[in-house]
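Report on the structure
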Amino acid sequence: MALYDELVKIVGNKYCTDKDYICVAYSRGIDPCLPEITPQIVIRPESTEQVAEIIKIANKYKTPVLPRGGGCGLMGGSKPISEETILLDLTRMDKILDIDEENHAVTVQCGISWSRLNAVLFDKGYYTGNMGPGSGLTASIGGGLSHHSGGGGGCAKYGKCTEHCIGLEVVLGTGDVITLGSQESKFIDNPFIRYGFGPDLMGIFLGDNGTMGVKTEATLNMYRKPPYYSGKTFYIEDGSYEKSQQIVLEMMRLGWSKELGIYDFFFYPPPSVMGITTDGLIESWGDIKGGVFFYVHEAFDEQVLNRTSEVLEKISKKYSTRELGPSPEKGNITDWFYAEQGHWQIFHNLFSLMGPDYFVATTEFICPISRYPEMLHKLDKWEEDHHEELFDAEAESGVGHVYMLNHNCCYFGSGINATTDSDLKEDVIKLWKEQLQFLLKEKMVLYMCGQIGSHVIVDSRAYSDTFYNFFKNIKNVVDPNGIISPGKFRF
Amino acid sequence: MTEKLKRLSQLEERILSCIGVGDCRNALKGPYSKPILELSCPNMEHGSGFEVNFARGRFSLARALLDGRIQPSEGLAEEVYQCTLCGSCRQVCNNCANPDLIVNARENIEDHIDIWEQFRADLVDAGVAPLPKHKKMFSHQEEEHNPYFEKHSERLNWIPKDSKFLKPGGEYLFFVGCTSAYRLNDISRTFLEIADQVDLKITMSPDEWCCGSVNFRTGVEKLGNETAQHNFEIFKTVGIKKIIATCAGCYRTLKIDYPKWLDDWDFEVLHSIEVIDELIQNKKIKIKNKIPGIITYHDPCHLGRHAEIYDAPRNVIEAIKQDDFVEMRRNKENAYCCGAGGGVKSGFPEFAVEIAVERIKEAEETGAEWLTSTCPFCLINLKDAVKEANSKIKVVDLLELVKNAI
């Protein structure tokens, strides 16, 4: 029996195909710059058992397998690197398996999207805290956990989504299924904590960019959603990099999310604001040209919210030029962001601005708070230094937004807006790699690596030889034939 | 290749505007307080669920055709024709809930439905579409001017030959439509009874043909255009300026498609429920017997998302209800499709009913006794689904409830 026939036997004809007109739609993620390669087979399993069988068959034929969740990868992570790939479309595995209200934990199949999971949790008064990546309306839990994702809401309070994973089931490259977290003990039925029973081996599979196995089930902490929230938007005309950092540091000194209930804090640098206002994305911002920041904070008690609102407002007013708002009509976007699911839409609107001729070659990274204004200046300088190459490639470089994490870091939404002109793709990819290399050398952390980022990390020799060998050795243990996401990290 | 795919070539900028975020797979928007975050695309949910079964994948497919990476084929057409053209993807793609945030993908892509229809028209030109079932249906339509395999001469058999509505004159032309003529003609009779009671000056033409909706939706533009041209000539001959349709599909076609195809189109097109709403507001229709039992309402895609008529049916229900009117959780612009549109009912009848069963279950959740709508084509599919699901809910056209109330 041939590979295709054996796979069909597992899921049936309806959910397995080698038709070019179906497979071709899996040749892209969100970036249309890296080569579009059509997988030879696409298969949609519905259970862990089916995934395990598929991996065993793939091993038999030594055929690469690419796990794919929502297909929202910005760096080539969710599309094949080679044509012989079996693409594992995991979106059929979208069941909520258990909501444990006593222990505040929810167990799901990893193909469910962040939005669908949270829609169910909202009804019960809960949420996942970190709401996944900015593409959480369609991005899957598995995808988020594979990339230490954030941006879909709640990062200032809850950090990265991987911080809330307390149970994980993974199909290894051998087809073996393992459970991690408290369920490492066969005596424990319901996951409730990540740590214990020795080393934290779950970490091997979190942020792995889909290379160490196929995530099939996950248990996440879920949190009571506070009934009260408030948010403000402010404009800083001059010196917004330093001033916004001062605001963050001052809020941190007063307790940040723990004491002030800060849920999200976003900063839009002046070039980004200019892009938004020039294109009329947010009409009520008029033609302001400085930086803009907004925060949302939550509380279980209205009086507490009012008190923390005063504190946050006082700090913000000290450093800002003026408030945009307070109403949405006057430019306060926080109601939309928090209450109308703007947190899952804010990036998409920016992507959509690109129109038919441009796309985002993202270089998102994590930066310590202490170096945040410095990195904004350095990226401005990088753009100046590469002005000619950018011009020739019909590209622009910049930082769309910076949003805070829960302790001492922030995510940078940086990258290159590039033309989709196929003749210029190579030039764009070269610039893309250069900026990623620059960030590595500036001691920044790339968290969402995909194809291009993981190559740059390895090619730049950012890993020490000892670490990279260790990493490869672990990969060899969990995936001895190297069939899961081959090519990433130069595996 | 691009010469063969001339429409897609012309739409290339719009097609490339799909960045691929994929919200069209999963989500409808709604506030935290009452989130509507469920699968919005019936094709995605009830089909095999591959990327090509929702908008993002279909855009990728169009790109691949334009790039010459794949060729048109009957298999490809089968995937493309599973879409009901409900427009939910267009709704989701407009991912700004805040009116202050006005630039978005929707403006770049403009109208998804238009792209899907032109995609199909290119597949027809390429000789791989429409589906075999559609071809058979259209062969009949060319002869008898309806897709129901009925005779044109029997189109108005449900009305007495000497009916006053068949006489010339009147202010409005009642465009009956095929479903209301051949399958659910109670709806037509009911409308005429109501119109008669309030002395609405109505006339009808036995020469009307199918509106052509199914042709335009399936990309068979030539037949659609011939049909439109014929009906246009009939409308001019009748000598009226206002046309009323009880069918949401006919309404959408006359209101939105005909002006695109007919240069001198100058008719006001109304859905019967708009007329009834106005008559109730103006107290020309008096409600005497309020309808007992909980009522819910299914927004037909052609009347709702396509034509943005949401208030008129709700105003009418408010006027006639004795008990509660309870909305389904997906309603108005976020309403779930019944599954019949876009040629799906004729091309994939079981698939259409499977989708409708989901809508019936959603209607049952409201506790309603009456599931009402304003499209006979939706009603046919919903009635089929009631049988399939063994449901007790009563599926009726809203006009029938109005008739009982006055």
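Residues numbered from 1 in each chain as written. Chains lettered and ligands numbered in written order. Predicted model: local features only at pLDDT ≥ 70, side-chain atom pairs only at ≥ 80, totals over all residues.

1. Side note on the overall build of chain B
Assigned secondary structure in chain B consists of 21 helices and 7 strands. Relative to the compact-globule value of 22 Å for 406 residues, chain B shows a C-alpha radius of gyration of 21 Å, a close match. With respect to the principal axes defined by its C-alpha atoms, chain B has extents near 60 × 50 × 45 Å. Across chain B, every contact between residues at least 6 apart in sequence was considered, and the portion connecting residues at least 24 apart equals 78%. (Helix = DSSP H or I, 4+ residues; strand = E, 2+ residues; numbered from the N terminus. Rg over C-alpha atoms; globule rule 2.2 N^0.38 Å. Contact = placed C-beta atoms within 7 Å.)

2. Considerations on the overall build of chain A
Helix and strand content of chain A: 17 helices and 19 strands. Against the globule reference of 23 Å for 491 residues, chain A gives a C-alpha radius of gyration of 22 Å, in line with a compact fold. Reported as C-alpha extents along the three principal axes, the dimensions of chain A are approximately 70 × 60 × 45 Å. Expressed as a percentage of its 491 residues, the buried residues of chain A come to 58%. Sequence-distant contacts in chain A: of pairs separated by 6 or more residues, those separated by 24 or more amount to 70%. (Buried ≥ 20, exposed ≤ 12 C-beta atoms within 10 Å, placed from the backbone.)

3. Examining helix α21 (residues 398–405) of chain B
Among all positions in α21(B), only L398(B), L399(B), E400(B), L401(B) and V402(B) are buried. Where the residues of α21(B) are buried, they touch α12 (185–197), α16 (272–281), α17 (311–320), β6 (370–373) and β7 (394–397) of chain B.

4. Let's talk about the packing of helix α7 (residues 240–253) of chain A against helix α10 (residues 302–319) of chain A
Residues and elements named next belong to chain A. At a closest axis distance of 9 Å, the pairing of α7 and α10 adopts a crossing angle of 155°. Between α7 and α10, the angle falls in the class roughly antiparallel. Considering only the axes of α7 and α10, their crossing is right-handed. Contacts between α7 and α10 involve K243, Q246, I247, E250 and M251 from the former and L312, I315, S316 and Y319 from the latter. Its residues placed into classes, the contact of α7 with α10 shows 5 nonpolar, 2 polar and 2 charged. (Axes fitted to C-alpha atoms, helices over the stretch in contact; angles between N-to-C directions. Parallel < 35°, antiparallel > 145°, perpendicular 65-115°, else oblique. Left-handed = near helix turned anticlockwise from the far one by under 90°. Nonpolar A, V, L, I, M, F, W, Y, C, P; charged D, E, K, R; others polar.)

5. Describing the environment of Q50(A)
Within the secondary structure layout, Q50(A) lies in helix α3 (residues 48–60). A count of 21 C-beta atoms within 10 Å places Q50(A) in the buried class.

6. Some points on the sheet that holds strand β3 (residues 242–245) of chain B
All names here are of chain B. Read across the sheet, 4 strands follow the order β2-β1-β3-β4 without closing on themselves; strand pairing throughout is parallel. Looking along the sheet, the strands with just one partner apiece sit at the ends: β2 (202–203) and β4 (268–271). Where strand β1 (residues 172–175) and β2 come together, 2 bridges link them in parallel fashion. The residue of β2 that forms the bridge with Y172 is I202. Taken strand by strand, α16 contacts β3 and β4, and its axis lies near 80° from that of β4. (Pairing = 2+ DSSP bridges.)

7. Concerning the nonpolar core
Counting 263 residues, the largest nonpolar core has F175(B) and L382(B) as the members making the most contacts within it. Setting aside residues up to four positions removed in sequence, L382(B) forms contacts with H298(B), C338(B), A356(B), R359(B), I360(B), L371(B), S373(B) and V395(B). (Core = buried A, V, L, I, M, F, W, Y, C linked by C-beta atoms within 7 Å.)

8. Overview of the sheet that holds strand β5 (residues 295–298) of chain B
All names here are of chain B. Taken in spatial order, the 3 strands make up an open sheet running β5-β6-β7, and their pairing is parallel. The open sheet has two edge strands with one neighbour each: β5 and β7. Adjacent strand axes in the sheet meet at a mean angle of 30° when their direction is disregarded. Bridging between β5 and β6 involves 4 bridges; their strand directions are parallel. Across the sheet, I295 pairs through a bridge with W370, a residue of β6. In this fold α21 packs onto β6 and β7, with an angle of close to 85° to the strand it touches most, β7.

9. Structural notes on the pairing of strand β19 (residues 409–419) of chain A
Residue and element names in this part refer to chain A. Counting buried positions along β19 yields 9 of 11 residues, so the element is predominantly enclosed. Where strand β17 (residues 365–368) and β19 come together, 4 bridges link them in antiparallel fashion. Residue pairing for β19: P368 is matched across the bridge by C409. The pairing of strand β18 (residues 396–404) with β19 spans 8 bridges and is classified as antiparallel. Bridge pairing in β19 links V399 to S414. Count of turn residues in the β18/β19 antiparallel hairpin: 4 residues.

10. Quick notes on the domain arrangement of chain A
Residue and element names in this part refer to chain A. Taken domain by domain, chain A consists of domain 1 (3–91), domain 2 (96–224), domain 3 (228–342) and domain 4 (354–459). Averaged C-alpha coordinates put domain 2 and domain 3 at centres separated by 30 Å. Contacts between the two partners involve 5 residues from domain 2 and, on the opposite side, 5 residues from domain 3. (Domains from an automatic or database assignment.)

11. Some words on the environment of G203(A)
All names here are of chain A. Here G203 is to be found in the loop between β9 (177–181) and β10 (214–221). Among the residues examined, G203 registers 14 C-beta atoms within 10 Å and is labelled partly exposed. Sequence-wise, G203 and C155 are 48 residues apart; in three dimensions their C-alpha atoms are separated by 19 Å.

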